[in-house]
Amino acid sequence: MKIRTFTCSKLSFSLSVVCVALLSFAPLTARAQEAQPIPTNTSAISLTLKRAIELALQNSKDIQIAKLHASLANRSALITKAQFMPNLYAGSGAGYTFGIPETPGGRAPALFNVTYTEEVFNEPLRGLGKEQQEQAKSQKILLEDARNSVIVRTASTYLELVMVRHSLELLRKEQDSADKILAVTQQREKENVELPVAVTKDQLTKARVVQRVLQLEGRQDELEVVLRGQTGLAENTQIEITPEDLPGIAEQEGANLVAMALQDNVALRVAESDVRAKEFRLTGEKRGYYPTLQLVSVYSLLAKFNNYDQFFKTFERNNFNAGVQVQVPIFSAQIRANIALAQVNLDVAKAALASKKTEVSAGVRVKTRRLRERDAAKEVARLELQLAQQNLTVLQSQFAEGRINLREVEKARLEENDRWMAYLDANFQRQQAQLDLLQTAGQLDKVWQ
């Protein structure tokens, strides 16, 4: 009997070819709009891993929230940038004046006024604006992280559901074998060939199989609910899935893998963006000793009832002023304090970046070793399954020749089923380790684009 296994090549631990293999599931971002609408009023739907991730990326609440945060950061940066653009204000008011006509702000009271302002040269404000723009870019990076998390959750749920359903098929067959073994043992007990303890052992074996079936059925329901929620399917939709793997073979040097992670890891890119933002802010604060220049113009429509003719020789109803306002800091404790604060913030960001680089480098190496361990465990499980199948084949041949009884054959079949489920679990653990490594190395989102 041949080993019934998923279609997998002999595994190695190359991230580059893993990514190429994952490309078979198709780029999702560019084709998201071409995806078929979600069938919400059908009783059943057939999902591939590719299609499940497409639906999850379209319907994920986490991605929608991340997009809103990115938009919020962009809008916040525009507030500071707007001060370097033309700003025109119009206003009106009325008030009683006694004595020299002026408003609480020191300006002449007017029936109507128009004010124009525009920052031309203000380096601290410009540094703040660049810092906010860089923070907006980091929010876009965090949007990629949200996509990665959705892909990992959806793929993990899908692959575990495949494993659970296959295990349930095996356990139901195992339940049939346990029934046959118990029947034979009970018959032999009646013939006084077996002791009652043998019957109890076989009953315990059957009870354990039933218990495992119930546990897996519960887990199957949980996974189906999670997968429906992630993909946006209706609650009553029956999901049909196909066994899929994440194949990946060939060699990849560990140093190259670490280099890819140091370039593409999301957390590391966010830390680098934070350092750039703090550098922009520090540069702007250091230039706070430079003069500031602002364009200003004011038009006012005045009224005689504010007693202008009593305090001024002539009264001009329409007044217009335009000019440049320049301020040169001579001594400012505020500027020195701002520079010191910006310097400390930059030092903190650089320290966090160095720590994150060390963490990512170590994480890639650990997860690479873990993937190799999972590959080795899968190979052990495959060989154990092969051995159990070969043993079952031998016992079936002996049974056909009348050399052993049915109970021995069914016990061998139980052993084969156990080895099958161990193999399925080992394969799933390898898939999990593979997804984890791809996410840490910053390659997961790229292979789905």
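Calculation criteria
Residues numbered from 1 in each chain as written. Predicted model: local features only at pLDDT ≥ 70, side-chain atom pairs only at ≥ 80, totals over all residues. Heavy atoms only, no water. Helix = DSSP H or I, 4+ residues; strand = E, 2+ residues; numbered from the N terminus. Buried < 20%, exposed > 50% of the residue type's maximum accessible area, 1.4 Å probe, protein only. Areas by Shrake-Rupley, 256 points an atom, 1.4 Å probe, with all protein chains shown as cover. Axes fitted to C-alpha atoms, helices over the stretch in contact; angles between N-to-C directions. Parallel < 35°, antiparallel > 145°, perpendicular 65-115°, else oblique. Nonpolar A, V, L, I, M, F, W, Y, C, P; charged D, E, K, R; others polar. Contact = heavy atoms within 4.5 Å. Polar contact = N/O pair within 3.5 Å; in protein donor to acceptor, adjacent residues only side chain to side chain. Phe/Tyr/Trp six-rings, centres within 6.5 Å; stacked < 30°, edge-to-face > 60°. Lys NZ or Arg CZ within 6 Å of the ring centre and 35° of its normal. Salt bridge = Lys/Arg side-chain N within 4 Å of Asp/Glu carboxyl O. Pairing = 2+ DSSP bridges.

**Focus: the overall build of the protein chain**
1) Next: A tally of regular secondary structure across the protein chain gives 11 helices and 6 strands.
2) Next: Considering the protein chain as a whole, with its 449 residues, one finds that 41% of them fall into the buried category.
3) Next: For the protein chain, the exposed area adds up to about 24,700 Å²; of that, 54% sits on carbon and sulfur atoms.

**What about the packing of helix α3 (residues 61-81) against helix α4 (residues 123-190)?**
1) Next: Interhelical geometry of α3 versus α4 gives an angle of 175 degrees and a closest axis separation of 8 Å. On the basis of their axis angle, the class for α3 and α4 is roughly antiparallel.
2) Next: A class-by-class count of the residues in the contact of α3 with α4 yields 11 nonpolar, 9 polar and 6 charged.

**Brief notes about the environment of Y116**
1) Next: When you line up the elements, Y116 lands in strand β3 (residues 112-121).
2) Next: The class of Y116 is partly exposed, set by a relative accessible area of 22%.
3) Next: Excluding residues within four positions of it along the chain, Y116 makes contact with P86, N87, L88, L295, V296 and S297.
4) Next: Engagement of the side chain of Y116 in a polar contact is seen with the side chain of E118, the distance being 2.4 Å.

**What about the packing of aromatic side chains?**
1) Next: Counting across every chain of the model gives 2 aromatic pairs.
2) Next: Both rings, one in F121 and one in Y290, keep their centres 6.4 Å apart while their planes meet at 15 degrees; by these two values the pair is stacked. Here Y290 lies in the loop between α7 (266-286) and β5 (292-301) and F121 lies in strand β3, a separation of 169 residues in the sequence.
3) Next: Here F121 falls in the partly exposed class, since its relative accessible area comes to 31%.
4) Next: Judged by relative accessible area, which is 41%, Y290 ranks as partly exposed.
5) Next: Aromatic pair W420 and Y423: ring centres 6.0 Å apart, planes at 85 degrees, arrangement edge-to-face. Linking W420 with Y423, this pair stays in helix α10 (residues 406-440), spanning 3 residues, or about one helical turn. An identical accessibility class is assigned to W420 and Y423; each is buried.
6) Next: When the ring centre of F84 is taken as origin, the NZ or CZ atom of R126, which lies over that ring, is 4.3 Å away.

**What to know about the environment of V324**
1) Next: Mapped onto the fold, V324 is located in strand β6 (residues 318-327).
2) Next: Sequence separation between V324 and T117 is 207 residues, and the spatial gap between their C-alpha atoms is 9.7 Å.
3) Next: With sequence-adjacent residues up to four places away left out, V324 is seen in contact with L293, Q294 and L295.

**Here's the deal with the pattern of salt bridges**
1) Next: Enumeration over the complete set of coordinates arrives at 27 salt bridges.
2) Next: With a shortest N-O distance of 3.1 Å, R276 and E134 are connected by a salt bridge. Of the two residues, R276 is situated in helix α7 and E134 in helix α4; the sequence distance between them amounts to 142 residues.
3) Next: Assessed through its relative accessible area of 5%, E134 is described here as buried.
4) Next: Ionic pairing is found between E217 and R172, a salt bridge with its closest N-O pair at 3.1 Å. Pair noted here: E217 is in helix α5 (residues 196-231) and R172 is in helix α4, with a separation of 45 residues, a long-range link.
5) Next: Judged by relative accessible area, which is 27%, E217 ranks as partly exposed.
6) Next: Several salt bridges share partner residues, and in doing so they unite E123, R126 and R287 into one network.

**Section: the pairing of β5**
1) Next: When β3 meets β5, the two strands line up antiparallel, connected through 9 bridges. Note on β5: the bridge partner recorded for Y116 is S297.
2) Next: As paired elements, β5 and β6 share 10 bridges and run antiparallel to each other. Bridging from a neighbouring strand, V296 pairs with G323 of β6.

Interpretation note: all reported values are geometric properties and have no functional meaning in isolation.
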